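This is what each chain is made of:
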Amino acid sequence: LAVVRAATSFRRGDHIRTPLLLPAAVAAAGLGLVVQLGYGNPFRADWPGPGFGQGVFYGCAVAAVLLAIPGDIGAWISRGRWVIGGGALALLLALALFGDAPGASGQRINLFSTQPIELVKVGAVLFAADALGRRAGKIRYQRVRAGFLRLPRATLLLPALLALVGTWAGLFLVKDLGPTLILGGVFLGLFYVVTRSPGWVVLAVGGFGGALGLLAYNPALAPSGTVRTRLHMWADPWLNGLPNGDQLALAKWAMAAGGWSGSGLGTAFPGGIPAGHTDLVYAHLVEELGVLGAVVWLACIAVAVTDGLRVASRNRTPERAMMAAGLGLLVVAQAATILGGTFGVIPLTGVVVPFLSFGKTSMVAFLAVVALIARLGENGEARVATDELREIAGGVRHAQVAVAALALLGLAATYAGGVHDRDATTLRGVVTTLGDGTAVLLQDRRLSSIAGAIRRGDILDRNGVPLATSPEPRSRVYPLGDALGTVLGPPDGGLLRAKWSVERAQEERLRGYPNRADGPAIWLGPPLPGATREELLLVVPSAAAEAPDERARAERAWRDRHPEAPGAASVRRVALAAPDLTTLLPLARMPLAARSAAVTALSEDIPARSVSLTLDGALQAALAPLVKAAAAKSSVGAAALVVLDPATGEVLARVQWPDYDPAGDTWRAKRLAEDPTFMGIYGAWSDKTGAHGIWQAGSVFKILTAVAAAKADKIAVTTTAPDSTCPTGSAPAFACDQVNDGRTSFSLPGWGKPVHDFGDGGARGNVNLVDAIKKSSNVYFAQLALSLGPDAYRALRAAGVEFGNPTLDDERDGDFTGLGSAGSRRLAQTGFGQGAGSWNVTQAARLVGAVANGGTYRRCSPDLLLGGTCTASALLDDPAPLEAILSGMRGVVASGTGARLQKVPGVRIYGKTGTADAPGTRDEKPWKIKPGQETRPHSWFVAIAEPDAAEACDPAVPGRYVVTAVVPHGGFGGSAAGPLVVDAIEVLQSKGYLPAAAAAAAP
C-alpha cells in the first residue's frame, strides 16, 4: 500500500493533500492487530490474530489496486452508479435467499464465508451520494410548501430515497438492524450537507428516537430474537434476566478493568468478553490499553474522517464532494453505532468496529473506503468556487463539528466507564438465565476468578477435626462422606442449596466475603402442566419486601404469556444471593504478578475463614452405620437420630439415612433432575433431623404433655418407695376404667369414637402420671390434655418450645388453633402424640433436654456453630415435678414398654417409646404410599443417659446426654428406634461421654 501510494503521488493535477489519511487508517488497523493477537488462546485454531492479519493484507491489496487505477475514479463511480446500486441490492437478495446466520441469531449476514453487508453499505452510500450530488443545487433551493414546512422536491430526492428504502427493505429481510441504523445516519448526514436544514435533521432524529422507543416498549416488533434480546438488554443491561442478556454488562466490566492505562497487551481476562474480537472489541481495547489506548484509536479515526471531510469540502464537483462526505460519514456512523451500543446509549447492533473488529470483509471495505477518499482527493481541488460547492462546503464544515463532538462524547463515555464509574461497575452483578432456565446472578469474572482462587475455609468439629476441607481452591473434601452430607451440603453456590446446610448457612464466613443487602430478586411463575421448571418472569432491583404492584405486574406478565393456563397465576419472589466482592477489588487492580502473590497469601489464610461446629465427627461417623442399619427396618428406608448435650443445648451428632456424599457425583444429577426419591421427604437431600423430618410423634409426645402439666402446676409427687429415690406415683390421677373393643378407652359425649390404649400399653384403674408414662397410657394422657386445655400447650410454645407441623397446622397471629378446642377429641389426641402432636428428632431432643437439666429449654442456632447463639427459657419455677417424669421414663426402660431393650453397664437410661399411627400422605407417593393408606407406624424413642453412680431421678444431674431417634414407618417404638438409641448410647460411652462400666463400679 505504501509503495503504490508513493508511486501514484507523482500524478499531475490539483490534489487535495491527505498525508495522514492512509497512515491513520493503517495505524488504527495496527492497533486492531495487537489487540486481536491478545485475544483468546494462540494455540487454538479459532485464535483471531492470523485471520485479522489476513484481512489487513487483503484490504491493503484492494486499497492499493484502487489507488493504482488510472483516470478519474469519481467519474468511474458516477458512470457506474446503477451497477453499484444494483450490485448492492443483488447482494442483499443473495443473502436473503442463500445466506446463513451465525449461531442462533437469525440474521442472514454470512455468504460463502464472507459478510457482504460491508460492501453493500459502501455501494449504497456511493449511489446515494452521487444522486444527491447531481441535484445538490436544486435540492438546496427548490422547495415546495407543505403547510408551514418547506420541503425539497420529492423528485429530486427520489433516487437517493429509493436507494435507502431498497437497502432498508433488504436489510429487514436479512434481519440486520445495525446497517439500517448506519445507512440511515449516513443519509441523514448527506441530507444535511446538501440542504443545510437543521430542522429536518432534528425531526429525523426525533422520529428515529420515537421508533427506537416503540421497539423498546414492544420488542416483539423486532425482526429477530437476537434483536429483541438486544432491545431488552439495552433497556436494562443488568437485570434483564435473559439468556445471553449479559453482553453489555460484559463490555462494561471490561472497560472498567482497563482504567487509564489498561492491563497490558495480552493480559485481558481470558473469556471475559465472548465477542471481544468482534462486536465488543472496543471494550477489549480499553481493557488492555485503557482510556489512553482508546484515545489513540479515536484520534486515528478522527484524522481519517477529517481528511475525508476536508476532501469533500474542497472538491471540484458536487458528486465527488458528496461521495467523499458519504464515505467519511460512513466510518463515523459505523463507529458511533457500535460504540453507542457498547456504552449502552443505543441497542447493541452487532456491527464491526472500524479497523478493530475481526472480519476480512469489513477490513477490506474500510481500507477501500480510505483509498477511495484518497483518490477523490487526487486532482480534486476546485478551480472555481461555485455557489453550489460553497453550500456543500458549509454543510461539510458543520458535519466536521458534529464529528468532533461525537469524538469528544465517545472519549467522555470511555472515561466514565473506564475511570469514573469503574469500581461501581466492577462490583455490580448481572442477572441472566442458564440453558436449563435457571436464573443466576453473575459477577465480573475478573473478581469471581479471584474469589474462586481462594481456598474455602474448613469446617471443623468441636475437637478441631476437619469435616470439610479445600486442599485446592476449587476442590472440597468431606472426610465423613455420606455420614454427614445433608447437614453440610455442597459448597457449589451455583446450585440451589438447601437452606439448612452448613455450607450455605456459613457461606460468607467460609468464602471470606459477605453478601450485599440490596441484591436483586426475581419473580417466578408457577410451573405449567408437564413442566419441570418454573419460568423467570421479571427481575426487580432489590430483595426488599414484596410490593403488591410488583406482584400484580408479574402475574399479568405470566398470564399474558400463558393465557391457556388454567386457574389464577400465583407467582413468588425469590431473592438472588449477591456477593459483595468489595474486599477483593484491590486485588483485581494490582499488576498480574503482584496480584498472583496476594491471592496466594489470602488463599493460605484458612483459619480466618474456618468455622467450628458443635458436632463430634468421630461420634457422627460411629453412629452413621447404626442409623443406616435401623433404616433397613423401615418400609421407606429412612431413619434419623440426634445426640444433644442438655447442659448447653449443643447438638453432638445429627445422623440420618439416606444421606449423600457432597464430594461425589451421583447426587448432582439427581438434584438437577429433581428426582422425587432423592428430593422427597425420605430422600437423601431432605433434612430428616430437622426441616423435613416432622412426623407424628406418637407416645414420645406424652413427655411434652407432662411438661405442660408441670408448667401449669398440675404435678405433685404422691408416693415414693422407701428403697428408691424415684417416685412411684404422682398427681394428677385419672380413672382409666372405660373399655371399648376389649381395650382401655375414653370418650366424651359428641365424640364419633373413643380413644384407645395401643397394643400392650396402657393401664386400668386409677392411674397416676408415673405409671401412665411407664405403661404409655393413651387414655390417661387424653384426659390430662383435656384437663390442661389448649392454653397449656400454647404456653409452652410462647416459651419457645417447638412442636407441631407448620405446613399442616392452622396458625394465625401466633394462635396455635390446630391443637383443637377445649373438650375436643383432637385436643385429647394431641395429648398422646396424635392430632397436633408432631415434631422432629431435634425438637424432641430439646424438650427431653429440658427434662434432663431441671426444666430449662435450650435452643441453639440450627447452623450448629460452636459458640453460636443459644437461648435458654426456664419452663418451670420449681423443677421438682420433673422427678415424676423422670421416674416414669425410668420405669419405661426398667419394666415398661422399653423393658426388652438391652442394658448398658455403667449407664442409667430414662426412655420413652413412641408408636405413631401414620396414614399415607401426598409427600409419600414416590415411595408407593397413597394418601390416607394404612401403613406401618412411625417408630420413636427418646432417652436420657447418665452415669449409673448419679442419684436417680434427680432433676439436675450433670453429665447427662439426650438421644432421640425416629424410624419412619418402622413399626413399634421398642422394636426399631429403641434399639438404635441404646446402641447410640453405647457409642457415646465408648467415645468417653459416659463412664465405662468398670469405672462406674470402682470405689
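Residues numbered from 1 in each chain as written. Predicted model: local features only at pLDDT ≥ 70, side-chain atom pairs only at ≥ 80, totals over all residues. Heavy atoms only, no water.

Chemist: Any chance you could explain the overall build of the protein here in plain terms?
Modeler: A tally of regular secondary structure across the protein gives 36 helices and 28 strands. Expressed as a percentage of contacts within the protein between residues at least 6 apart in sequence, the contacts between residues at least 24 apart total 69%. Carbon and sulfur atoms provide 59% of the accessible area of the protein, an area that totals close to 40,700 Å². (Helix = DSSP H or I, 4+ residues; strand = E, 2+ residues; numbered from the N terminus. Contact = heavy atoms within 4.5 Å. Areas by Shrake-Rupley, 256 points an atom, 1.4 Å probe, with all protein chains shown as cover.)

Chemist: Explain the packing of helix 13 (residues 281-313) against helix 16 (residues 387-420) to me, please; I cannot follow it from the model alone.
Modeler: A pair of packed helices is characterised by two quantities: the angle between their axes and the separation of those axes. The N-to-C vectors of helix 13 and helix 16 enclose an angle of 175 degrees; their axes lie 10 Å apart at closest approach. As judged from the angle between their axes, helix 13 and helix 16 are roughly antiparallel. Contact with helix 13, carried on its side by Y282, V286, V291, A294, V295, L298, V305, T306, L309, R310, A312 and S313, involves A393, V396, A399, Q400, V403, A407, G410, L411, T414, Y415 and V419 of helix 16 and no other residues of that element. Looking at the contact of helix 13 with helix 16 residue by residue, the classes come out as 17 nonpolar, 5 polar and 1 charged. (Axes fitted to C-alpha atoms, helices over the stretch in contact; angles between N-to-C directions. Parallel < 35°, antiparallel > 145°, perpendicular 65-115°, else oblique. Nonpolar A, V, L, I, M, F, W, Y, C, P; charged D, E, K, R; others polar.)

Chemist: Would you take a moment to explain the nonpolar core for this structure?
Modeler: Within soluble globular proteins, side chains that are nonpolar generally end up buried alongside one another. Residues W839, I885 and I985 are the most contacted members of the largest nonpolar core, which totals 131 residues. Filtering out sequence-adjacent residues up to four positions away, I885 remains in contact with I703, A706, V707, I715, L769, I773 and V851. Listed in part, the 92 residues of the second largest apolar core include L67, I182, V286 and L339. (Core = buried A, V, L, I, M, F, W, Y, C linked by side-chain atoms within 4.5 Å. Buried < 20%, exposed > 50% of the residue type's maximum accessible area, 1.4 Å probe, protein only.)

Chemist: It is not clear to me how the packing of aromatic side chains should be interpreted in this structure. Could you clarify?
Modeler: Any aromatic ring pair is given by two values, namely how distant the centres are and how the planes are angled relative to each other. Scanning all chains against the criterion turns up 21 aromatic pairs. Residues F701 and W839 carry aromatic rings whose centres are separated by 5.2 Å and whose planes lie at 65 degrees to one another, so their mutual orientation is edge-to-face. On the criterion of sequence distance, the pair formed by F701 in the loop between strand 13 (695-696) and helix 28 (702-711) and W839 in strand 23 (residues 838-839) is long-range, its members being 138 residues apart. Residue classification places F701 among the buried residues on the basis of a relative accessible area of 0%. Residue placement shows R671 over the ring face of W685; its charged tip is 5.0 Å from the ring centre. (Phe/Tyr/Trp six-rings, centres within 6.5 Å; stacked < 30°, edge-to-face > 60°. Lys NZ or Arg CZ within 6 Å of the ring centre and 35° of its normal.)

Chemist: Can you walk me through the state of the cysteines in this structure?
Modeler: A covalent bond bridging the sulfur atoms of two cysteines is what the word disulfide describes. Counting across every chain of the model gives 2 disulfides. What pairs with C726 in a disulfide is C953, and their sulfur atoms sit 1.9 Å apart. Across the disulfide from C726 to C953, rotation about the S-S bond amounts to roughly 95 degrees, and the bridge is consequently right-handed. A residue pair is termed long-range when its members are at least 10 positions apart, and C726 in the loop between strand 14 (716-720) and strand 15 (727-731) and C953 in the loop between strand 27 (938-947) and strand 28 (961-967) qualify at 227 residues. (Disulfide = S-S within 2.5 Å.)

Chemist: Sorry if this is basic, but what is going on with the sheet that holds strand 19 (residues 755-756) here?
Modeler: For sheets, the rule is that strands pair by backbone hydrogen bonds, running either parallel or antiparallel. One open sheet accounts for 3 strands, arranged 17-18-19; its pairing is antiparallel. The open sheet has two free edges, formed respectively by strand 17 (738-740) and strand 19, since each of these has just one partner strand. Relative to strand 18 (residues 743-746), strand 17 is paired through 3 bridges, and the arrangement is antiparallel. The residue of strand 18 that forms the bridge with N740 is R743. Packing of helix 30 (residues 778-788) onto the sheet brings it into contact with strand 18 and strand 19, and relative to strand 18 it is tilted by some 10 degrees. (Pairing = 2+ DSSP bridges.)

Chemist: What am I meant to see in helix 33 (residues 841-852) here?
Modeler: Since the α-helix advances by 3.6 residues per turn, residues separated by three or four positions end up pointing in the same direction. A rise of 1.5 Å per residue sets the reference length of helix 33, with its 12 residues, at 16 Å; its end C-alpha atoms lie 16 Å apart and thus fit the reference within 8%. By the criterion of burial, helix 33 is predominantly enclosed, with 12 of the 12 residues buried. Those residues of helix 33 not exposed but buried are V841, T842, Q843, A844, A845, R846, L847, V848, G849, A850, V851 and A852. Looking one or two residues beyond helix 33, the residue adopting positive phi is G854, at roughly 90 degrees. (Expected span 1.5 Å × (residues − 1).)

Chemist: Any chance you could explain the pattern of salt bridges here in plain terms?
Modeler: Charged atoms that come close allow side chains of opposite charge to pair. Inspection of the entire model under this criterion finds 31 salt bridges. For D948, the salt bridge is made with R908, and the minimal N-O distance between the two is 3.6 Å. Separated by 40 residues along the polypeptide, D948 in the loop between strand 27 and strand 28 and R908 in strand 26 (residues 907-916) bring together distant segments of the chain. Overall, the relative accessible area of 37% leaves D948 in the partly exposed class. It is possible to trace a salt-bridge network through shared partners that takes in R456, R476, E503, E507 and R511. (Salt bridge = Lys/Arg side-chain N within 4 Å of Asp/Glu carboxyl O.)

Chemist: Would you take a moment to explain the confidence of the model for the protein for this structure?
Modeler: Close inspection of predicted coordinates is inappropriate in any region flagged by low pLDDT. Predicted confidence across the protein gives a mean pLDDT of 86, with 88% of residues reaching 70 or more. Under a pLDDT of 50 for its full length, residues 809-814 has, in the predicted model, 12 contacts with residues more than four places off or in other chains. Every residue in residues 999-1003 is under pLDDT 50, and counting partners more than four places away or in other chains gives 1 contact. (pLDDT = per-residue confidence, 0-100.)

Chemist: How do you make sense of a nonpolar patch on the surface when you look at a structure like this?
Modeler: On the surface, a nonpolar cluster with roughly 320 Å² of combined accessible area is contributed by W260, L292 and Y415. Note that Y415 resides in helix 16. (Patch = residues over 30% accessible without salt bridge, like charges linked within 9 Å, V, L, I, M, F, W, Y side chains within 5 Å.)

Chemist: Please clarify how unusual backbone geometry should be interpreted in this entry.
Modeler: The phi torsion of most residues other than glycine is negative, and most of the peptide bonds are trans. Between W657 and the following residue, P658, the backbone shows a cis peptide bond with an omega angle of 5 degrees. Of note, P658 is situated in the loop between strand 12 (650-657) and helix 26 (666-672). A731 connects to P732 through a cis peptide bond whose omega is 5 degrees. Here P732 lies in the loop between strand 15 and strand 16 (734-736).

Chemist: What should I look at first to understand the sheet that holds strand 5 (residues 459-460) in this one?
Modeler: Taken in spatial order, the 3 strands make up an open sheet running 6-5-10, and their pairing is mixed. Looking at the sheet topology across the chains shown, the edges are occupied by strand 6 (466-468) and strand 10 (611-612). Where strand 5 and strand 10 come together, 2 bridges link them in parallel fashion. Paired with I459 across the strands is V611, a residue of strand 10.

Chemist: Sorry, what's going on with the pairing of strand 27 here?
Modeler: Looking along a regular strand, one sees the side chains alternate between the two faces of the sheet. With 10 of 10 residues buried, strand 27 is to be regarded as a mostly interior element. As judged from the 10 bridges shared by strand 26 and strand 27, these two strands associate in the antiparallel manner. Residue pairing for strand 27: V907 is matched across the bridge by P947. Of the pairings in the sheet, the one linking strand 27 to strand 28 comprises 7 bridges and is antiparallel in character. Paired with A945 across the strands is Y961, a residue of strand 28.

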